[in-house]
Structure formats: structure tokens, C-alpha cells
Amino acid sequence: MADGTTPEPGSRKLLGRLKDALAEPAEGQDRLDRVVRLIAEEMQTPVCSIYLFRDAETLELCATEGLNPEAVHQTRMRLGEGLVGRVASRAKAINTADAPSEKGFRYMPETGEEIYSSFLGMPVQRLGERLGVLVVQSREARAYSEDEVYALEVVAMVLAEMAELGAFVGDSAALRPLHQRAFMGRGTVAQEGNAMGQVWLHEPRVLVTNPFAEDARIETNRLRDAIDELRVSVDEMLGDPSVGHAASGTGQSGLAASDGQDTLSAHQDVLEAYRMFANSKGWKRRMEESIAQGLSAEAAVEREQTRARTRMEESNDAYLRERLHDLDDLSNRLLRLLTGQGTDTGAEMPDAPILIARNIGPGELLAYGRSLKGIVLEDGSVGSHAAVVARALAIPLLVNVKSVTTEALNGDHILVDGEQGIVHLRPEETVTKAFRDKMAMQAKAQEKYASIRRVPATTVYGPTIALHMNAGLMADLPSLRDSGAEGVGLFRTELQFLVRNQVPRRGELAALYSRVMDAAEGKRVCFRTLDIGSDKVLAYMKPTEEPNPALGWRAIRVGLDKPGVMRMQLQALIRAANGRPLTVMFPFIAQLDEFLRAREMLYKELDREEKLGRVLPSKVEIGAMLETPSLGFSPRKFFEEADFISVGGNDLKQFFFAADRENERVRRRYDTLNVSFLTFLEWIVRRCEDTETPLSFCGEDAGRPVEAMCFAAMGFRSLSMRPASIGPVKHLLRRTNIAEVRDVIDTARASGAQSVRPAVMEWLRAQS
Ligand code: PEP
Ligand code: MG
């Protein structure tokens, strides 16, 4: 070990020689040739080869000692093909005494490797970025020892670091500098839209410039000092929960809003996990062992981080993944302490910044505001708070784009295709051109929509459909004028709660709601009371485990059981109205009594405010969201009592089809234009007509022109959608005779179709 009580490990000597070899000035290819020769010599093995990625799918033999030199830059394999391809695809070593009998073995005749029986292949990777595979082979059938495996792992990691620093740049495509190749990533669309711009990394990557330890003792002390410093900073954060933004989500759900004790920060939990790691002996020991093997303190931290990321990718256990995330975050902090590289690199934000991050909190995203043209997250989910904010800001967002944080560098040219869910980093000119043309066409369409901004959405020989917009932030209000919306059909009040570290105060909320009403200039704003729980979890509320949060304690259920926050919110709304009309809507009502009880709460608050001598709203409208099928079948009294009803199609659809809106596997499985769903919507329309209850639709589907047209055909006369959708929806409605659409729908239904979409689309095509 570092104190000299154990013999010097083999890898230390190897690393020492490697360091000298790499320090000499040489071309990339020469360096690689030297490296393989040296490893073969030190490990006393006849073959050592390096395979590097030529493109995302192909590995190329780039240097070899022992195999046929003619095969260099000729032998290639696909990811997953042969043992080398398997090492790369699984990001895991393969150590076998009898390679030919190993599953997946593929013989490459041009290399002359048939005489070598044993095989040890090690991924060359850095923080989840896969660069290639390092292989040693020998004639006799023997598995490489644990020490040898360890040594090769350390060497592979150092090679990855050196590749990152450009040590192996050469002529072949496989030796092209990293981060200069085009990269295409796929993800999930959390907010639609296209964007073109330059990468802005939320957390700039830490560059490790020296992976080698000059003096193990000095490196060990540097590591220990940095860990001590880290511990102190974590303890400080624990002492003050408002300090720092803890990393990823914590898997908590539910809340108990009215109890001060219960508002224990969930990010306190994350910090506790940090503390656990910062004090973890195993973590520290492994890093010190790496230093003893010849790595610098920084490289030792990165080695642990690389391991954690590999495990994270393999694991399906949500809890373990969260903890590994915490560890990753902690390692980043440690690296910044060791290298002195902060998060502020002094770099200037580009003109059209596209934010790249592993994950981001809603508050941080809001701080960037509308300056961002797009957002790409390596993790995240469609229902995350960041997604809620991105949606409110109408910024295209892709989530689950693998490897994007390792591939992207600040300033890289980037295209975000928020229709297909594709990211192009450093794209070829032809890709950029096609994308630019597509965006230009869309901009042209937007101009067309601008020309109909002031005219109503009157259908051909038919009714006018009222188009409202969905909002959630003060920043949304200018869209009310720009989009031509008649009012705000859904104001999601939870955003104000999601982006804060504590429950907002009544005064703050009243001021905000008042500014919203001012900005609406007399247009109707429908405030939905706090809709939290399920996917929308507040960081400062007490975590409660629920077997199925989407069906759990959420929205109005929380408001009725723990009325503190809802009462405060209702008071804030009454005060904000201050003599103006007030519209309030309760979310997630499943049966009549929930609506009556919620309404009663509002009546009580009105009485109370009156007694306090405050000016009451000139008129109060109280409605309910219809988001559960049960409410569609509720007693007539519900329809009579509600001043209006708004169909929350996002939730209604997930419960109607029993398909989680958050679950990629099922969320697109059932078409909104499915006959069963449309027939249910028709049923709701009829019930509202019977009682003359105003009805609207405010789920995402209302903003899709074809869906909106069908809803109008089924009898909806009011729709609420993202501001950007108003133009396209209005444009189609104004060209459409919805009575004809209704005929098409009814014919398709009568014919036994599962969805009316094919028939409707065919009809639309025939119109143009
Ligand atoms: C809905 O469920 O359709 C809705 C509008 O509410 P949210 O998307 O906020 O759950
Ligand atoms: Mg909903």
C-alpha cells in the first residue's frame, strides 16, 4: 500500500512505463503501437490489441502486438459481435481460458488469432463513455489472474483518459478526435418542438489532466483532504436544508401539507445519503487502493464513478439507481474539489443555448427561463417537475437520451427534433440543412396562424369553438395576447409550489394570482387548485410510500384530508380577485361529495373573508375537472351543481384505458380517437347538455388539430391547450365542416372500427 508495507503492485510499474511512453512526443498511431507493445511486455503475454470505435456501432482494430499487423485498421466488428464486440456492448470485461468455446466467439481469419486460446478483454471507458476495448491473449489455456485483470482495468481507464486528452489522434476514422464526430441520440419527447443551437452544459465536465500518481503518498493525502472538505460541506448542507440543490429525485411520494413537522425536506434524505457515502469506508478504501496501483487521486475518483455508472445502467432497481446517482453527484463534487474546477467556467452562454444535463430541478430550470431554446436530459421523465416547467415555458424537451452528457461539449452545434425524439450533436451539413428547411416551413406556418389570431374559430356552416390556453406561470400570460386565446382555461397552480423549497406564503400567492388576473386584462382565468401527489411531488413535503401513487393520495384527496394548504390557497385567490370575477376548478374529483365538500370549503373562506371586511369577488364560478371515468356516471345532481366541467383528458385517458401516462411502454398504446373513448366523451357531452353545464376539454389532446376537430364534432364547444397549439387548431377548425366530420366518425363507429383515425385522416386528405 501507499505506506510501503505491501509490495508494489504490478500495475504501478506498468502505469509508470505507460506514463513515460505517453509523455514522449509522438503521433497518435505510434503512441498506440508503443502502448500495446509495452502492455504485452509487462504482462508477459504474446498479444495485446486495442480496438476503438470508428462510429457508434463499429469497432476497429487500431493497434496490435502479436496479431497480424496487416489487420490493423482492416479488422472491424459490429457492437455486440464476437467477444470484443460483446465486451464493448456490455461494458464489462470477459476473461476466458478457452475463447473459441466462449459464447459469441467469432474468428477473424485475417488477424491470425486462431492459435490463441485465452482472452481477456477490457472496456476502454470513462464515465459511461465507451471508447473501445483493450485485449490481451495468450496461447496456453489459462484464465488471467485477478491481479492481471485489475492491472488491465487500470490501464484501460488511463487509456480512456488519455484518449479524452487527444493522445491518440490520427488519420483513421477510429482515431479521429473525440467529441468531433457526429452523434445521434434517441430519447423520449417530454415537450414537443424543434430547436437548433449550441450546447450549454448545466454542469461542465471536469477534465482530469493527469491520471498518473507521481507519489502515491501525496495523492492519498490529497484524496483524504478533499474527502474531509466534502464531508464538511455535506454537513453544512444538512444543517441548512435550503443550501444547495440535492441531486436526483428521491422516490418519495405524497405529502402532509398542513403539518409543519411534516414539511421535512425530502432533499434532506438525499443529503443523508450523501453523508453516508462521504463517510463510507469502502468507497474511500477502493480509491486509496487505486492510488496505490499508480492512479492520481482524480483518476481514482473517476474509476469509482465509472464503475457506479456501469452498475447504474445495469440496474433495474429504482432505489439502487437513486443511490448510485447520489454517488455520482458526490464524485463530481469531489473531482471539483481536487481539480479546483468549479461549475462556473467563465464560458459565455451561446446565442441559442440548448441545455444538456443529466437531470435538472424545476427551480434551476426556471432560473434559465426562456433563454433556452431546448433541453436534453440524459435521465428525467415525461412527468418530472422539469418537464412540467419546460411545458409551461414551451421549450422543447427530450428525456432519457443516453450518453448525451458525455458526448456533448459546450458550444457544440446541436439539433433537437422534438417530434421524433432525436438529438443530433455536431451533425453533418446535410442533416443540418434538412432540419433547417423543416424549421423554416414550420415558421412559415406560424406566420399563417398569426394572420388568423384575431378571428374566431368558426367552423364551416357550423358553431364557433372557444379556444383557451393552459398556463402555470406568470411568464405564460403574454401568450394570452400573442396566441389569440380567449382566456386561460387551465391555470396549473402547482408550479408555484413545485419550484420552491417551502410552501409559498398566502401573501405571495395572492400577489401572484392578482398579477395573473391583471395580465389577463379581464379575460377569464380558470385557477385549478393545487394538484399534487402522484408524479407531482413537493420536495418539502413528507414522503409517504404508496403502492400506486397515480391511484393514490393526490389532488383533491389531499386537499380534503389536510385542508391547510388548500384553504390558504383559496384565501389567496379571493384576495387576488379583490372585487373581480373569480373562477376556481377542483382537480381529480371522482364523486359528487368531493365536489360538494371542496365547494363548501370555498364558501367558508368567502364567508370568513367577508367577515374580515375584505372585498369579495364580483362573481364566483366553481367547476370540477372530470379526470376519472366515475365522474362521467355520477348522479345528475353533480352536473347540476357544477358551474362548469373541464375534461382532464391526460388523466381521464390513463384511467379509461388503465394505461399509465408516465409509462413509455403503454402510454401511446391507446388512441385518443379510439371509438370507446370518443363514445365516452360523447356521453359526457350529452349529460352536460341535459343540465346545460358548460363543458371544456383541457388535456394535451385538445392541442392536437385532428383530435381537437373530432372533439368539436362530438359536441365540445370549448377547448384549452398550449398557446402554440391555438394557431394550428384554429386553422383546421376554420376549414372544417364538423357535421361532416361527425358523419365520418359515426360511419367508422358503425363499421366496427377500433379507432376513427384512419377514416378521419382519409377524409381530411380528400379535402385538401
Ligand atoms: C389532465 O389530466 O388532462 C390535466 C389537464 O391535468 P394535468 O395534466 O395537470 O394532470
Ligand atoms: Mg390531471
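None of these values were measured; they are calculated from a predicted model. (Residues numbered from 1 in each chain as written. Chains lettered and ligands numbered in written order. Predicted model: local features only at pLDDT ≥ 70, side-chain atom pairs only at ≥ 80, totals over all residues. Heavy atoms only, no water.)

Our focus in this paragraph is the overall build of the chain. Helix and strand counts for the chain come out as 27 helices and 23 strands. Referenced to the eigenvectors of the C-alpha coordinate spread, the extents of the chain come out at roughly 90 × 65 × 45 Å. Split into buried and exposed, the 768 residues of the chain put 56% on the buried side. Taken as two groups, the 97 positive and 110 negative side-chain charges of the chain have centres that lie 5 Å from each other. (Helix = DSSP H or I, 4+ residues; strand = E, 2+ residues; numbered from the N terminus. Buried < 20%, exposed > 50% of the residue type's maximum accessible area, 1.4 Å probe, protein only. Lys, Arg positive; Asp, Glu negative; His and termini not counted. Charge placed at Lys NZ, Arg CZ, Asp CG, Glu CD.)

Within helix α22 (residues 649-656), 7 of the 8 residues are buried, which leaves the element mostly enclosed by the surrounding structure. Along α22, the residues that are buried comprise Gly649, Asn650, Asp651, Leu652, Lys653, Gln654 and Phe655.

Time to look at the side chain of Lys653. Along the polypeptide, Lys653 turns up in helix α22. A relative accessible area of 17% means that Lys653 is categorised as buried.

Let us look at the pattern of salt bridges. Going through the model one piece at a time under the given rule, you end up with 58 salt bridges. Where Arg126 meets Glu161, a salt bridge forms, and the shortest distance between an N and an O atom there is 3.2 Å. Of this pair, Arg126 sits in strand β5 (residues 118-126) while Glu161 sits in helix α4 (residues 146-164), and the two are 35 residues apart along the sequence. With respect to class, Arg126 is no different from Glu161; both count as buried. (Salt bridge = Lys/Arg side-chain N within 4 Å of Asp/Glu carboxyl O.)

The tally for this structure, following the rule as stated, stands at 15 aromatic pairs. Aromatic side chains Phe656 and Phe657 sit 5.2 Å apart centroid to centroid with 90° between the ring planes, which places their arrangement in the edge-to-face category. Here Phe657 falls in the buried class, since its relative accessible area comes to 13%. An aromatic cluster is present here, built from Phe633, Phe656, Phe657, Tyr670, Phe677, Phe680 and Trp683 joined pairwise through their rings. Over the face of the ring belonging to Tyr144 we find Arg142, whose NZ or CZ atom lies 4.4 Å from the ring centre. A cation sits over an aromatic face here: Arg554 above Phe588, 4.0 Å from the ring centre. (Phe/Tyr/Trp six-rings, centres within 6.5 Å; stacked < 30°, edge-to-face > 60°. Lys NZ or Arg CZ within 6 Å of the ring centre and 35° of its normal.)

With antiparallel pairing, 6 strands are arranged side by side in an open sheet as β3-β2-β1-β6-β5-β4. Because the sheet does not close on itself, it has two edges, and the strands there are β3 (76-78) and β4 (94-96). Pairwise comparison of adjacent strand axes, ignoring direction, gives a mean angle of 25° for this sheet. Pairing analysis gives 7 bridges linking strand β1 (residues 47-55) to strand β2 (residues 58-65), with the strands arranged antiparallel. The partner of Cys48 across the bridge, within β2, is Glu65. (Pairing = 2+ DSSP bridges. Axes fitted to C-alpha atoms, helices over the stretch in contact; angles between N-to-C directions.)

This part takes up the sheet that holds strand β10 (residues 353-357). Taken in spatial order, the 8 strands of this open sheet run β7-β14-β13-β9-β10-β11-β12-β8, and their pairing is mixed. Across the chains shown, the open sheet's two edge strands, defined by having one partner strand only, are β7 (183-186) and β8 (188-191). Strand-to-strand twist across the sheet, computed as the mean angle between neighbouring axes with direction ignored, equals 30°. Of the strands in this sheet, β8, β11 (374-377) and β12 (397-399) are in contact with helix α11 (residues 385-393), which crosses β8 at around 55°. In this fold helix α13 (residues 429-451) packs onto β9 (194-201), β13 (413-417) and β14 (422-425), with an angle of close to 125° to the strand it touches most, β9. (Contact = heavy atoms within 4.5 Å.)

The next subject is the site of ligand 1. Taken together, 14 residues lie near ligand 1, and Arg492, Arg528, Glu627, Asn650 and Arg661 sit nearest. Contact between ligand 1 and Arg528: an oxygen atom at 2.8 Å from a side-chain N or O atom of the residue. Backbone polar atom of Asn650 to an oxygen atom of ligand 1: 2.7 Å apart, as the coordinates give it. Look at ligand 1: alone it shows 290 Å² of surface, and the protein chains cover 98% of it. Mapped onto the shell around ligand 1, the elements with two or more residues apiece are β17 (488-492) and α22. Per-element tally for the shell around ligand 1: the top contributor is α22, with 3 residues. Looking at the shell around ligand 1, its residues break down into 3 nonpolar, 4 polar and 7 charged. (Near = heavy atom within 4 Å. Polar contact = N/O pair within 3.5 Å; in protein donor to acceptor, adjacent residues only side chain to side chain. Areas by Shrake-Rupley, 256 points an atom, 1.4 Å probe, with all protein chains shown as cover. Nonpolar A, V, L, I, M, F, W, Y, C, P; charged D, E, K, R; others polar.)

Turning next to the coordination of the magnesium ion (ligand 2). Only Glu627 (OE) and Asp651 (OD) from the protein reach the magnesium ion (ligand 2) as donors, at distances of 2.0 to 2.1 Å. Separated by 24 residues along the polypeptide, Glu627 in the loop between β20 (620-626) and α20 (629-632) and Asp651 in helix α22 bring together distant segments of the chain. Neither Glu627 nor Asp651 differs from the other in exposure class; each is buried. (Donors = N, O, S within 2.8 Å, 3.2 Å for Na, K, Ca; no water.)

What follows deals with the pairing of β14. Here is the key point about a regular strand: its side chains alternate between the two faces of the sheet. Side chains of β14 alternate between two faces, with Ile422 and His424 and Val423 and Leu425 buried alike. As judged from the 4 bridges shared by β7 and β14, these two strands associate in the antiparallel manner. Each bridged residue has a counterpart across the sheet, and for Met184 the counterpart in β14 is His424. The pairing of β13 with β14 spans 4 bridges and is classified as antiparallel. If you follow Ile414 over to β14, its bridge partner there is Leu425. The hairpin formed by β13 and β14 contains 4 residues between the paired strands, and Gly421 there has a positive phi angle of roughly 75°.

This part covers the confidence of the model for the chain. In low-pLDDT segments, the atomic positions of the prediction should not be examined closely. Taken residue by residue, the chain gives an average pLDDT of 87. The fraction at 70 or more is 91%. Low pLDDT, under 50, characterises residues 1-7; the stretch is placed with 7 contacts to residues that sit more than four places away or in other chains. Every residue in residues 241-267 is under pLDDT 50, and counting partners more than four places away or in other chains gives 77 contacts. (pLDDT = per-residue confidence, 0-100.)

Turning next to helix α23 (residues 675-691). The end-to-end C-alpha distance of α23, which contains 17 residues, comes to 25 Å, matching closely the 24 Å that a straight helix rising 1.5 Å per residue would cover. Regarding α23, the residues found buried are Val675, Phe677, Leu678, Phe680, Leu681, Glu682, Ile684, Val685, Arg687, Cys688 and Thr691. At the N-terminal boundary of α23, the capping side chain belongs to Asn674, with an oxygen 2.7 Å from the backbone nitrogen of Ser676. A positive phi of about 55° marks Glu692, the residue just after α23. (Expected span 1.5 Å × (residues − 1).)

With that settled, the discussion passes to the pairing of β13. By the criterion of burial, β13 is predominantly enclosed, with 4 of the 5 residues buried. Two strands pair when backbone bridges link them, and β9 and β13 are joined in this way by 5 bridges, in the antiparallel orientation. Looking at β13, one finds that Gly197 is bridged to Ile414.

The subject of this paragraph is the state of the cysteines. With the rule as written, the count across this model stands at 0 disulfides. Cys526 takes part in no disulfide bond, and the closest cysteine sulfur to it belongs to Cys698, at a distance of 7.7 Å. Considering cysteine sulfurs only, Cys698 is the nearest to Cys710, which forms no disulfide, with 18 Å between them. Given the relative accessible area of 0%, Cys710 is considered buried. (Disulfide = S-S within 2.5 Å.)

Bringing the packing of helix α16 (residues 506-520) against helix α18 (residues 564-577) into the picture now. At a minimum axis separation of 8 Å, α16 and α18 run at an interaxial angle of 45°. For the element pair α16 / α18, the angle class is oblique. In the crossing of α16 with α18, the sense of the turn from one axis to the other is right-handed. Listed contacts from α18 to Arg506, Leu509, Ala510, Tyr513, Ser514 and Met517 of α16 are Met568, Gln569, Gln571, Ala572, Leu573, Arg575, Ala576 and Ala577. Across the contact of α16 with α18, the residue classes break down as 9 nonpolar, 3 polar and 2 charged. (Parallel < 35°, antiparallel > 145°, perpendicular 65-115°, else oblique. Left-handed = near helix turned anticlockwise from the far one by under 90°.)

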